[in-house]
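Chains, contacts and geometry: an overview
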Amino acid sequence: MRTAHTTVNRTALGTGGLVLLLTGSLLAATDRTVARQLPTWWPNSRTNAVLLEPGRLAQVRSEGWWTPTVMAASIGLTVLFAYWALGQMRSGSGRRMALPSPGCTVRPRALAEAVTARATAVPGVARTHARVLPRRGRRLEVELRVWLDPDTSPDAVLPALRAVTAEAEDAAAPYTTHTRLRLSATSHRAPHVR
């Protein structure tokens, strides 16, 4: 799903950028100093020229298809861009995930808070941060970031952290869980004060 979002975003940004570049280039070509230096194949635009002459615009507006086509295109583009923008703002953390028991759901944020609390209780762990991201096809991505106390080796906490992630996988039973664990060490040094 993340790849599809990235592809759509890059395509939309690339198309928008290309349209703006071409429009800006065409507008820049109306300046006399720039127009003299352009190649012969470049479309020649006169200064103070309009895109559509008033007589031609009145003729097009008198056609029966003009108004419905412009309205339908404007509404369609507005709905399409609104849907796309809402899709960008929507986050997977607000949705509820269905559990095997009838009527039972859990929010990904609540599951992340439970994983954070359980991992923080492990001896040798200074602090933790967990994120639970639902994906298509009943898949979950759990990202667990753990900061260890000074003088704590990763080998000392890994079995307990594996037990915490296994417990989270059991809690989200119908979902297939992929967990990423990142360990960091807190510094021995005191913070620098000026």
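Coordinates for the structure precede this section.
All values derive from a computational prediction rather than experimental measurement.

Side-chain pairs of opposite charge can arise whenever the charged atoms involved come near each other. Within this structure, the stated rule accounts for five salt bridges. Note that glutamate 141 and arginine 135 form a salt bridge whose closest N and O atoms lie 3.6 Å from each other. Among the residues examined, glutamate 141 registers a relative accessible area of 13% and is labelled buried. A salt bridge links arginine 180 to glutamate 141; the nearest nitrogen and oxygen atoms lie 3.1 Å apart. Placement of arginine 180 in strand S5 (residues 176-185) and of glutamate 141 in strand S4 (residues 139-148) is noted, with a sequence separation of 39 residues between them. Judged by relative accessible area, arginine 180 falls into the partly exposed class, the value being 40%. Through salt bridges that share partners, Arg131, Arg135, Glu141, Glu143 and Arg180 make up one connected network.

Procedures and definitions
- Residues numbered from 1 in each chain as written.
- Predicted model: local features only at pLDDT ≥ 70, side-chain atom pairs only at ≥ 80, totals over all residues.
- Heavy atoms only, no water.
- Salt bridge = Lys/Arg side-chain N within 4 Å of Asp/Glu carboxyl O.
- Buried < 20%, exposed > 50% of the residue type's maximum accessible area, 1.4 Å probe, protein only.
- Helix = DSSP H or I, 4+ residues; strand = E, 2+ residues; numbered from the N terminus.

Interpretation note: all reported values are geometric properties and have no functional meaning in isolation.
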